[in-house]
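Observations on the model geometry
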Amino acid sequence: VQLQASGGGLVQAGGSLRLSCAASGRTFSSYDMGWFRQAPGKEREFVATITRSGQNTYYAGSVKGRFTISRDNAKNTVYLQMNSLKPEDAAVYYCASGQRFTTNENLYDYWGQGTEVTVSS
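Here is a short report on the structure shown in this document. (Residues numbered from 1 in each chain as written. Predicted model: local features only at pLDDT ≥ 70, side-chain atom pairs only at ≥ 80, totals over all residues. Heavy atoms only, no water.)

Things to note about the sheet that holds strand β8 (residues 77-82)
Strand order in the open sheet formed by four strands is β1-β3-β8-β7, and the pairing between neighbours is antiparallel. Only two strands of the sheet have a single partner each, and these edge strands are β1 (3-6) and β7 (67-72). Neighbour-to-neighbour, the strand axes of the sheet open up by a mean angle of 15°, direction not taken into account. In this structure, β1 lies alongside strand β3 (residues 17-23), joined through four bridges in antiparallel fashion. Bridged to S6 within β3 is S20. (Pairing = 2+ DSSP bridges. Helix = DSSP H or I, 4+ residues; strand = E, 2+ residues; numbered from the N terminus. Axes fitted to C-alpha atoms, helices over the stretch in contact; angles between N-to-C directions.)

Here you go:
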């Protein structure tokens, strides 16, 4: 599986962005998907995850209520809608796929290249 993340950019605090992660191959619907982020000088951290059917989602406390993860299996794409962005949300965002519905990055098998989100205050 190859993953291509896009949609990052510069946004003012309080604004919104939608990230996309397009997957190659015909087995997208057999993978649970996750979004992670890494800010400069910090460890990569979990943001959100969604089951292969899209029926279940889970969020980091810092983004819950502001971010929404979703997927379109017909388009082999997972999304991260980010609203009410804060300067502390600035990071490189990565999508990942795996066989577990988990917050543990070590359990994801494939990773996208990352897309950068900058939030100005």
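A look at the packing of aromatic side chains
Enumeration according to the criterion identifies six aromatic pairs in this entry. When the centroid spacing of 6.1 Å and the interplanar angle of 85° are considered together, the rings of Y31 and Y110 count as edge-to-face. Highlighted residues: Y31 in the loop between β3 and β4 (32-38) and Y110 in strand β10 (residues 108-111), separated in sequence by 79 residues. Pairing F36 with W111 gives two aromatic rings, centres 5.1 Å apart and planes at 50°, and the pair type is tilted. (Phe/Tyr/Trp six-rings, centres within 6.5 Å; stacked < 30°, edge-to-face > 60°.)

Focus: the state of the cysteines
Throughout the structure, instances matching the rule amount to one disulfide. Between the sulfur of C21 and that of C95 lies a disulfide, 2.0 Å long from S to S. Linking C21 and C95, the disulfide has an S-S dihedral of approximately 65° and is accordingly described as right-handed. With C21 in strand β3 and C95 in strand β9 (residues 91-98), the pair connects residues that are 74 residues apart, well separated along the chain. (Disulfide = S-S within 2.5 Å.)

Description of the nonpolar core
With 33 residues, the main nonpolar core has W35, L80, M82 and Y93 as its most contacted residues. Counting residues per element, the ones that place at least two in this core are β1, β3, β4, β5 (45-50), β7, β8, β9 and β11 (115-120). (Core = buried A, V, L, I, M, F, W, Y, C linked by side-chain atoms within 4.5 Å. Buried < 20%, exposed > 50% of the residue type's maximum accessible area, 1.4 Å probe, protein only.)

A word on unusual backbone geometry
In this model, N76 sits at a positive phi of 55°, which is unusual for a non-glycine residue. Following the sequence through the fold, N76 ends up in the loop between β7 and β8. At S84, a residue that is not glycine, the phi angle is positive and equals roughly 50°. Along the polypeptide, S84 turns up in the loop between β8 and β9.

Considerations on the environment of S20
Looking at where S20 falls in the secondary structure, it is placed in strand β3. Along the chain, S20 and L3 lie 17 residues apart, while their C-alpha atoms are 9.9 Å from each other. Every residue in contact with S20, bar those within four places of it in the chain, is listed here: Q4, A5, S6, W35, T77, V78 and Y79. (Contact = heavy atoms within 4.5 Å.)

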